[in-house]
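# An overview of the molecular structure
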Amino acid sequence: MAAVVELAGVSIVRGGKHLLRDVDWRIDEGERWVVIGPNGAGKTTLLQILAAQVHPTSGLAALLGELLGAVDVFELRPRIGVSSAALADRIPRGESVGDVVVSAAYATVGRWREAYDPVDYLRAAALMRQFGVEHLGRRTFGTLSEGERKRVQLARALMTDPELLLLDEPGAGLDLAGRERLVTALGDLCSDEEAPTTVLVTHHIEEIPAGITHALMLADGMVTAAGPIHETLTDEALTRTFGLDLALEFTAGRWAARARR
Ligand SMILES: Nc1ncnc2c1ncn2[C@@H]1O[C@H](COP(=O)(O)OP(=O)(O)O)[C@@H](O)[C@H]1O
Ligand SMILES: [Mg+2]
């Protein structure tokens, strides 16, 4: 079976600096990965490759069986769902929440404000229900709380029924209740066999939802550990990745970490 993602020796260099160095990574269908690493480690840059938004400076990247550089990225991108702060910033604050979700299928292929099919509205409504934002359809995006916005973005990212779902720090900026609602929703998603292959980026161990199967740890643009999460996410790997003596706990399906003293 072809890999969903296959990176071989991938480096990204900008202004003489390596943002990523020699990354090898294979993601198979149905896997749910978390990418963990400190600020500036290169997590967002790595996700941009997986989103077909950035090409490696050197090395090979294959997405959904297509080699980056040899495929029309405009055909590839609708097959990949993305939620990131950069994309959220581009959503007009005055747009209705219902339109934010339903327009995703059209926005990714460069169409805008066309008449949507009834089936699109049904799918948008089902996704909004799944993430607990169905009552917000008529509100404008700008009036939502940060937590509501994150859940609307998730619904939008899934609207095209993508084969690969990429979530860059979906819990950033949320308060405790907002984070817990989001992590619960993500846990349900990651535990659903029908859900797409997923990659979630975070630097907070507490935000790893249930259902995550694999972890890739990144520091200074280099992979420090990668593999099945329970073999990979260890005190030793976390300590090496963050440069601080850290101890992990895994209780009731959730992770936590604190400095060892
Ligand atoms: N276009 C660019 N030119 C130079 N440096 C960049 C560029 N984009 C990002 N960086 C730097 O690359 C590093 C990795 O960035 P990023 O992938 O956003 O990290 P993370 O998401 O893990 O915080 C950071 O130090 C950032 O400042
Ligand atoms: Mg980032």
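Check the entry above for the structure.
Before going into details, it helps to say that this report is about the structure given with it. (Residues numbered from 1 in each chain as written. Chains lettered and ligands numbered in written order. Predicted model: local features only at pLDDT ≥ 70, side-chain atom pairs only at ≥ 80, totals over all residues. Heavy atoms only, no water.)

Taken as a whole, this structure holds twelve salt bridges when the rule is applied. A salt bridge links Arg26 to Asp28; the nearest nitrogen and oxygen atoms lie 2.9 Å apart. Of the charged contacts in the structure, one is a salt bridge between Asp245 and Arg260, with a shortest N-O distance of 3.6 Å. Separated by 15 residues along the polypeptide, Asp245 in the loop between α10 (235-242) and β11 (246-251) and Arg260 in the segment after β12 (254-259) bring together distant segments of the chain. Residue classification places Arg260 among the partly exposed positions, given a relative accessible area of 44%. Overlapping salt bridges, with partners in common, bring together Glu6, Arg26 and Asp28 in one network. (Salt bridge = Lys/Arg side-chain N within 4 Å of Asp/Glu carboxyl O. Helix = DSSP H or I, 4+ residues; strand = E, 2+ residues; numbered from the N terminus. Buried < 20%, exposed > 50% of the residue type's maximum accessible area, 1.4 Å probe, protein only.)

What follows is about unusual backbone geometry. Trans peptide bonds make up the majority, and among non-glycine residues the majority have a negative phi. Despite not being glycine, Asp22 shows a phi value in the positive range, around 55°. Mapped onto the fold, Asp22 is located in strand β2 (residues 17-27). In this model, Leu64 sits at a positive phi of 50°, which is unusual for a non-glycine residue. In this fold, Leu64 is placed in the loop between β4 (58-63) and β5 (66-67).

Bringing the pairing of strand β10 (residues 222-228) into the picture now. Note: strand β9 (residues 214-219) against β10, six bridges, orientation antiparallel. The residue bridging Leu216 from the neighbouring strand is Ala226, located in β10. Where β9 folds back on β10, the antiparallel hairpin that results is connected by two residues, among which Asp220 adopts a positive phi of roughly 50°. (Pairing = 2+ DSSP bridges.)

Taken together, the residues surrounding ligand 1 are Arg14, Lys17, Leu19, Pro38, Asn39, Gly40, Ala41, Gly42, Lys43, Thr44 and Thr45. Relative to its free-state accessible area of 570 Å², ligand 1 is covered by the protein chains to the extent of 58%. Looking at the shell around ligand 1, the elements that each hand over two or more residues are β2 and α1 (43-50). Top contributing element to the shell around ligand 1 by residue count: α1, with three residues. Classifying every residue of the shell around ligand 1 by side-chain character gives three nonpolar, five polar and three charged. (Near = heavy atom within 4 Å. Areas by Shrake-Rupley, 256 points an atom, 1.4 Å probe, with all protein chains shown as cover. Nonpolar A, V, L, I, M, F, W, Y, C, P; charged D, E, K, R; others polar.)

The sheet built from six strands is open, its strands ordered β6-β7-β8-β3-β9-β10 with mixed pairing. Two strands close off the open sheet at either side, each with one partner strand: β6 (80-83) and β10. The mean inter-strand angle of the sheet, taken between neighbouring strand axes irrespective of direction, is 15°. Across four bridges, strand β3 (residues 32-36) lies against β9 in parallel orientation. (Axes fitted to C-alpha atoms, helices over the stretch in contact; angles between N-to-C directions.)

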